Each structure stands twice: as structure tokens, then as C-alpha cells.
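Spelled out from the first residue to the last, the chains are:
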Amino acid sequence: MNRQETPEGSPEEGEEPSAKENEGSKEETGGIQMQELVMEIDGTRFPVILYDNETTQAFMDRLPMTLDMEELHGNEKLNYLDQGLPTNPI
């Protein structure tokens, strides 16, 4: 996964992300700060937007990463991280 500067026009397949895309960014969306990045699965890139919080920051500090996903019920993928992420139950 790579951090992305802007959500518009994600990089073309096979194109390397620029240094600017890897910086990460915060965009105000309805009063909530968001983190934007691009996830690549088998060569296809998908824009991803995450809430900007302690958990997201801890996750993004681990990027880039490659995960081997397990099949779950024929319609979901699953991976347990080596170390957990911080949580703040409400």
C-alpha cells in the first residue's frame, strides 16, 4: 500500500507512485480529517480513505507492506497482523 496525495486520478496500472503520493495527506471531509492512500492488489490499484486517528497513524507507519491474505467464506480475505493496532473503545 502506498500513501496518496490526492484521491483524483489514481496512478495508472504499472505506474510507480511519485514521492509526493507517498507523503500522505489530510483532507477535510464533513469536519472529519481523513488519510488517503492507494492499495494495490495483484497489480490493480484502489483508492482508500481512512479516518485520521491513532489507529490509522499506527497502520500508516507500517507502510509499505505486503500481506498474504487467507480466504474466508469464499467472499472475504483475512490477515492477522504480527502486532495489533491501538484501539480506543467507546
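Everything in this summary refers to the structure shown in the same document. (Residues numbered from 1 in each chain as written. Predicted model: local features only at pLDDT ≥ 70, side-chain atom pairs only at ≥ 80, totals over all residues. Heavy atoms only, no water.)

Describing the overall build of the chain
Defined as follows: Put simply, DSSP H or I for four residues or longer makes a helix, DSSP E for two residues or longer makes a strand, and each gets a number counted from the N terminus. Whether a residue is buried, partly exposed or exposed follows from its accessible area with a 1.4 Å probe, protein chains only, as a fraction of its type maximum: under 20%, in between, or over 50%, in that order. Any pair of residues with heavy atoms lying within 4.5 Å of one another is described as a contacting pair. Note on areas: these come from Shrake-Rupley sampling with a 1.4 Å probe, and a residue is covered only by the protein chains present in the view.
Helix and strand content of the chain: 1 helix and 6 strands. Across the chain, helices and strands are ordered from the amino to the carboxyl terminus as β-β-β-β-α-β-β. Across the 90 residues of the chain, 21% fall into the buried class. Restricting the contact set of the chain to residue pairs at least 6 apart, pairs at least 24 apart contribute 36%. Working note: accessible area of the chain is about 6700 Å², and carbon and sulfur atoms make up 49% of it.

A look at the pattern of salt bridges
Quick reminder of the rule: A pair is scored as a salt bridge if a Lys or Arg side-chain nitrogen falls within 4 Å of a carboxyl oxygen belonging to Asp or Glu.
In the structure shown here, the tally under the stated rule is 2 salt bridges. Glutamate 40 is the salt-bridge partner of arginine 45, the closest N and O atoms lying 3.3 Å from each other. Residue classification places arginine 45 among the buried residues on the basis of a relative accessible area of 13%. Its relative accessible area of 43% is what places glutamate 40 among the partly exposed residues. Here glutamate 71 and lysine 77 are joined by a salt bridge, their closest N and O atoms 2.3 Å apart.

Looking at the nonpolar core
Filter applied, for reference: What we call a nonpolar core is a set of buried Ala, Val, Leu, Ile, Met, Phe, Trp, Tyr and Cys residues that are connected through their side-chain atoms within 4.5 Å.
In terms of nonpolar packing, the biggest core is built from 6 residues, these being Leu37, Val48, Phe59, Met60, Leu63 and Met65. In this structure valine 48 touches Gln35, Glu36, Leu37 and Met39, once residues within four positions along its chain are discounted.

Let's talk about the pairing of strand β4 (residues 44–51)
This is how the line gets drawn: One bridge is not enough; two strands pair if DSSP finds at least two bridges between them.
In this sheet, β4 lies alongside strand β3 (residues 32–41) in antiparallel orientation, the contact comprising 8 bridges. Following the sheet pairing, methionine 34 is matched in β4 by tyrosine 51. The turn linking β3 back onto β4 is made up of 2 residues, and aspartate 42 within it adopts a positive phi angle of 50 degrees.

Considering the environment of glutamate 70
As for its placement among the helices and strands, glutamate 70 is situated in strand β5 (residues 70–72). On the accessibility criterion, glutamate 70 (49% relative accessible area) is partly exposed. Among residues more than four places away in sequence, those in contact with glutamate 70 are Glu76, Lys77 and Leu78.

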